[in-house]
Amino acid sequence: MIYLDNAATTRTAPEVLEAMLPFYTEDYGNPGGIYSLGMAGRKAVNQARRIIAGAIGAGQEEIYFTASGTESDNWALRAAAEGCREKGRHLITTGIEHHAVLNTCRYLEGQGFEVTYLGVEEDGLVDPEALRAAIRPDTIMVSVMLANNEIGVIEPVKQLCAIARERGVLFHTDAVQAFGQIPVNVGELGIDMLSASAHKLNGPKGVGMLYVRNGVKLPSFIHGGAQERGRRAGTENVPGIVGFGAAAARAVRIMEEKAQQETQLRDYLIRRIETEIPHCRLNGHRQRRLPGNASFSFAGVEGESVLIRLDMEGICASSGSACTSAAQEPSHVLLAIGRKAEEARGSLRLTLSEENTREELDTVVESLKAIIGELREISPSYREFLKEQQYI
Ligand SMILES: *Cc1c(COP(=O)(O)O)cnc(C)c1O
């Protein structure tokens, strides 16, 4: 099997799993317990908090564990909206956010909030001037992702944040794709809130975190016990949190080498696909992108069909994002960068890990060439495309 869907999720690293196991078998006590069996879990959760805080330059009291990146995004947006009601009812985000942000915004619209969805340039970047123009006196929050999950583009969050800050507007970033892949420092970026998720950096599924800068008022999202300083109730997912900490430590340790390796593999893959498969376009900025992300649109093919054929050859990839791949809707991200619906349907996302090899990529390119060639031979829309472009 060749796994090229690391933006959807990653393999739990052996050292991460090893760190987690004792908290299922021996140290299973409730971290809220007074007895020493609870102590081990409590200590381990705090250690994970320290590691993650250190990884983003935050204080440990600014980290709140959640059950997913999705929960963190929901919490940041809904709590900020609720907490800032007095100030106004206007939020700003972009048209290329993950559905965890977009659908929370839709929910807030139903609750009487107004949301501006900033467009992006053809390379996927948000224009800071567009943000400046969109901020109003009643704007309470800006949420722009650090790196996009479909096309891998790294947004100019530092600049965007400076603009929001000038106007006294809270800034949240969905860093679920970025954390663990590229350096992230909350102080340097100047952000107020940040979401991350363990399973995108070789940690376990079902554990996320929200960074909340000291001094930011943030109502609880889940009500109950006093866990997470009373801001996020529910018995801590101790093994998961420990795994998140171990994954973050590992990611920081290997980041530079991993990024270098993936960038080389990615550029090799892009070069081969662009030179060997006609009528394909790279989606997203060529340089300002995550080390492991290669996203393409192929004229005249259905992304779904390509994926099914790749799967038959043991290759895992994705079109658009995992969350939308069940639906036949063209990706909102690809539409936002100006791809036509037709082109957006013919998209393929290949996301690498440091474990992939050049030989694997050679296999993938050969398979792709054959698959796309065959699909195009029987594709009426490909004939139309060629006619339109005056190739035939
Ligand atoms: C995966 C992802 C999420 C959702 O995280 P989960 O932990 O899977 O809920 C949110 N935003 C982005 C950018 C993602 O890639």
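Trainee: What should I look at first to understand unusual backbone geometry in this one?
Mentor: As a rule of thumb, non-glycine residues mostly have phi less than zero, and peptide bonds are mostly trans rather than cis. Its identity is not glycine, yet Glu228 carries a phi of approximately 50°, on the positive side. Here Glu228 lies in the loop between β8 (208-212) and α9 (238-276). The buried category is assigned to Glu228, whose relative accessible area is 6%. In this structure, Gln390 is a non-glycine residue whose phi angle is positive, near 60°. In this fold, Gln390 is placed in the segment after α14 (380-388).

Trainee: What should I look at first to understand the side chain of Glu228 in this one?
Mentor: A polar atom in the side chain of Glu228 sits 2.7 Å from the backbone nitrogen of Phe65. Those residues in contact with Glu228 that sit more than four places away from it in its chain are Arg49, Ile63, Tyr64, Phe65 and Glu236.

Trainee: Is there a simple way to think about the domain arrangement of the chain in this case?
Mentor: Size of an interface: often given as the accessible area lost when the parts come together. Partitioning the chain into domains gives domain 1 (12-251) and domain 2 (255-388). Computed over C-alpha atoms only, the centres of domain 1 and domain 2 are separated by 29 Å. Between domain 1 and domain 2, the residue contacts involve 30 residues of the former and 27 residues of the latter. Of the roughly 2,300 Å² buried between domain 1 and domain 2 on both sides combined, carbon and sulfur atoms contribute 56%. Counting the surface domain 1 buries against domain 2, the share from its top three residues, Glu150, Ile151 and Gln181, is 31%. At the boundary of domain 1 with domain 2, the tally comes to three salt bridges. The salt bridge partner of Arg339 is Glu122, with a shortest N-O separation of 3.7 Å. One can count twelve residue pairs in polar contact (both at pLDDT 80 or more) joining domain 1 with domain 2. Residue assignment for the side of domain 1 that touches domain 2 shows that the elements contributing at least two residues are α5 (99-110) and α9.

Scoring rules and cut-offs
Residues numbered from 1 in each chain as written. Predicted model: local features only at pLDDT ≥ 70, side-chain atom pairs only at ≥ 80, totals over all residues. Heavy atoms only, no water. Helix = DSSP H or I, 4+ residues; strand = E, 2+ residues; numbered from the N terminus. Buried < 20%, exposed > 50% of the residue type's maximum accessible area, 1.4 Å probe, protein only. Polar contact = N/O pair within 3.5 Å; in protein donor to acceptor, adjacent residues only side chain to side chain. Contact = heavy atoms within 4.5 Å. Domains from an automatic or database assignment. Buried area = accessible area lost by both parts, 1.4 Å probe. Salt bridge = Lys/Arg side-chain N within 4 Å of Asp/Glu carboxyl O.

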